[in-house]
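Residue-level structural notes
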Amino acid sequence: MVVHRSLTRIFAAPLVIAIVSTVGLISALVGDGWWDAVSWVALGLPVLLYLLFIWRRRPN
Amino acid sequence: MTATTKSLRRWGAVHKWTSLICTLFMLLLCITGLPLIFHDEIDDLLHNQVKPAEAPAGTPPANLDHLLASALAQAPGKVPHFLIWDRDEPGAMWVSVGPTIDADPTNNLLIRMDTHTGAYLDSPDVTGRFTYIMLKLHTDMFAGLPGKLFLGLMGILFCVAIISGIVVYAPSMRKLRFGAYRAQRTRAVRWLDVHNLAGILLVAWTLVVGFTGVINTWADLVLKMWQFGQLAEMTAQYKDRPVPSKLTSLNDAVEVARHAVPGMTPSFVAFPGTLFSSKSHYAVFLHGDTPLTSRLLKPALIDAETGTLTDSRDMPWYVSTLYVSQPLHFGDYGGMPLKIVWALLDILTIFILVTGVYLWMRRRRTGVSQERAIANAASIDNPALTS
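All of the points below concern the structure found in this document. (Residues numbered from 1 in each chain as written. Chains lettered and ligands numbered in written order. Predicted model: local features only at pLDDT ≥ 70, side-chain atom pairs only at ≥ 80, totals over all residues. Heavy atoms only, no water.)

As for the packing of helix α1 (residues 3-37) of chain B against helix α11 (residues 335-366) of chain B
All names here are of chain B. For the pair α1 and α11, interaxial distance at closest approach is 9 Å and the crossing angle is 150 degrees. With respect to their mutual orientation, α1 and α11 come out roughly antiparallel. Every pair of crossing elements has a handedness; the one defined by α1 and α11 is left-handed. The segment α1 lies against α11, with Lys-16, Leu-20, Thr-23, Met-26, Leu-27, Cys-30, Ile-31, Leu-34 and Ile-37 engaging Lys-339, Trp-342, Ala-343, Asp-346, Ile-347, Thr-349, Ile-350, Leu-353, Val-354, Val-357 and Trp-360. When its residues are assigned to classes, the contact of α1 with α11 shows 15 nonpolar, two polar and three charged. (Axes fitted to C-alpha atoms, helices over the stretch in contact; angles between N-to-C directions. Helix = DSSP H or I, 4+ residues; strand = E, 2+ residues; numbered from the N terminus. Parallel < 35°, antiparallel > 145°, perpendicular 65-115°, else oblique. Left-handed = near helix turned anticlockwise from the far one by under 90°. Contact = heavy atoms within 4.5 Å. Nonpolar A, V, L, I, M, F, W, Y, C, P; charged D, E, K, R; others polar.)

Some words on the pairing of strand β3 (residues 109-114) of chain B
In regular strands, side chains alternate between the two faces of the sheet. Residues and elements named next belong to chain B. Bridging between strand β2 (residues 92-98) and β3 involves six bridges; their strand directions are antiparallel. Within β3, the residue paired with Ser-96 across the bridge is Leu-110. Note that β3 and strand β4 (residues 120-122) share two bridges and pair antiparallel. What sits directly across from Met-113, in β4, is Tyr-120. Here β3 folds back onto β4, and the loop between the two strands holds five residues, one of which, Gly-118, carries a positive phi near 75 degrees. (Pairing = 2+ DSSP bridges.)

Some words on the packing of aromatic side chains
Throughout the structure, instances matching the rule amount to 15 aromatic pairs over all chains. Each ring, one from Phe53(A) and one from Phe178(B), has its centre 5.5 Å from the other, and the planes form 90 degrees; the classification is edge-to-face. Of the two residues, Phe53(A) sits in helix α2 (residues 34-55) while Phe178(B) sits in the loop between α5 (144-172) and α6 (187-201), which places them in two different chains. Residue classification places Phe53(A) among the buried residues on the basis of a relative accessible area of 11%. Between Trp317(B) and Tyr318(B), the aromatic rings sit 5.7 Å apart at their centres with planes inclined by 85 degrees, giving edge-to-face as the arrangement. Just above the ring of Trp94(B) sits the side chain of Arg112(B); from NZ or CZ to the centre is 5.9 Å. Arg241(B) extends its terminal NZ or CZ atom over the ring of Tyr238(B), reaching a point 4.4 Å from the ring centre. (Phe/Tyr/Trp six-rings, centres within 6.5 Å; stacked < 30°, edge-to-face > 60°. Buried < 20%, exposed > 50% of the residue type's maximum accessible area, 1.4 Å probe, protein only. Lys NZ or Arg CZ within 6 Å of the ring centre and 35° of its normal.)

A look at the sheet that holds strand β5 (residues 265-270) of chain B
Residue and element names in this part refer to chain B. Read across the open sheet, the eight strands follow the order β4-β3-β2-β1-β5-β6-β7-β8; overall the sheet is antiparallel. Taken across any chain shown, the strands that pair with only one partner, and hence form the sheet edges, are β4 and β8 (309-312). Adjacent strand axes in the sheet meet at a mean angle of 25 degrees when their direction is disregarded. Sheet topology note: the strand β6 (residues 281-287)/strand β7 (residues 297-303) ladder contains seven bridges and is antiparallel. In the sheet register, Ala-283 faces β7, and the bridge partner there is Leu-301. In the packing of helix α3 (residues 64-73) onto the sheet, contacts are made with β1 (79-85), β2 and β3, and the angle to β2 comes to roughly 55 degrees. Here helix α9 (residues 250-260) sits on the sheet in contact with β1, β5, β6, β7 and β8, set at roughly 50 degrees to β6.

Section: the interface of chain A and chain B
Contact residues are listed per partner, giving 35 residues for chain A and 40 residues for chain B. Both faces considered, chain A and chain B share a buried interface measuring about 3,300 Å² in area, 74% of it formed by carbon and sulfur atoms. Summed over the three residues of chain A that lose the most area to chain B, namely Leu25(A), Leu29(A) and Tyr50(A), the buried surface amounts to 22% of that side. For the interface between chain A and chain B, the tally reads zero salt bridges. (Buried area = accessible area lost by both parts, 1.4 Å probe. Salt bridge = Lys/Arg side-chain N within 4 Å of Asp/Glu carboxyl O.)

Following this line, the structure appears as structure tokens:
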């Protein structure tokens, strides 16, 4: 029997990613140079995580 | 059935219907939006443009009255609507001309001029371009304002679909780790995982790009609101004056505006009688120099008969909201790397849409109700789905 996960556990990681994405969306608006770089990393994170999870073909 | 299950089924129904209605249009928007992220690069690649003359730093700009006269010499019988400084190419400016001053400016001819020499460069017909066709499909599907507002409505449904998607993500993940991708299972399971994973990873981005897109569909209405609100207020005393028979110097008007709003740079001038001005004024719109303030315009109204400043105010909040929402939709505010990230996120959004439609069709075929499937975590292991 698999233990059911609580809502807090289900949404912890998505919440962090949403906050990081929001920082990325705003950062490049605020300034240039480093501010842009923060945006690239912060918004690149969801893409990177997607590829990571899909390619990590772990047997069940 | 518990109250939670009942409520989850309702959210599942919301997710299903809002998604189904908007998916086809969202696919169109994602696919046409992809090349639009790189529209400058694509235009450069596909179309030859006359390059402005090399001008060393500090070269003074040409006198705008001369520049305007040379531009109008290229378009006999036309009247100027707008003078626009090119955002990305400081060596070039645009003069937008129409048959009459009250003609629809979207059909205007655009004449490209050299900022420093004031010489004519070219007047490309952009309406046949690939990027133009993509832009029209993306903004109004060649259906004008109704098309725009319709796509705005689809955007609202998309946002509702995302929010309801967050809710139904929970029951789906009750037994799974974050980021679970069951590579060994059937396609229905794998694509459900892709849908959940990409959907939840992109929540913030899709909501922001979706909602700022909706705001952009209201641009024409926002302009009208500004026209009848702040602009009418600023020019109230001119309401009953006749249209000036002879306009004062454009160059002087821009200089007056520059002095009236120190620290800001002219972005465009609207001629008297256009949508962006009164019958009696040059409206010089200036912008700031940070990524954010460069999007916020401030008009300075110059009496086109006397050449003096009438008024200059910050735009009201609803116009500022529109201007700030534009970069957040286009992704053009953080250089080429941000554009590439934007494109990748757009492609992942296409994955979300396609897997979503697939899951719906699959469940329909196997006779599992979508609401029940969403509300019931165990449905992932339902034999109907995994067979």
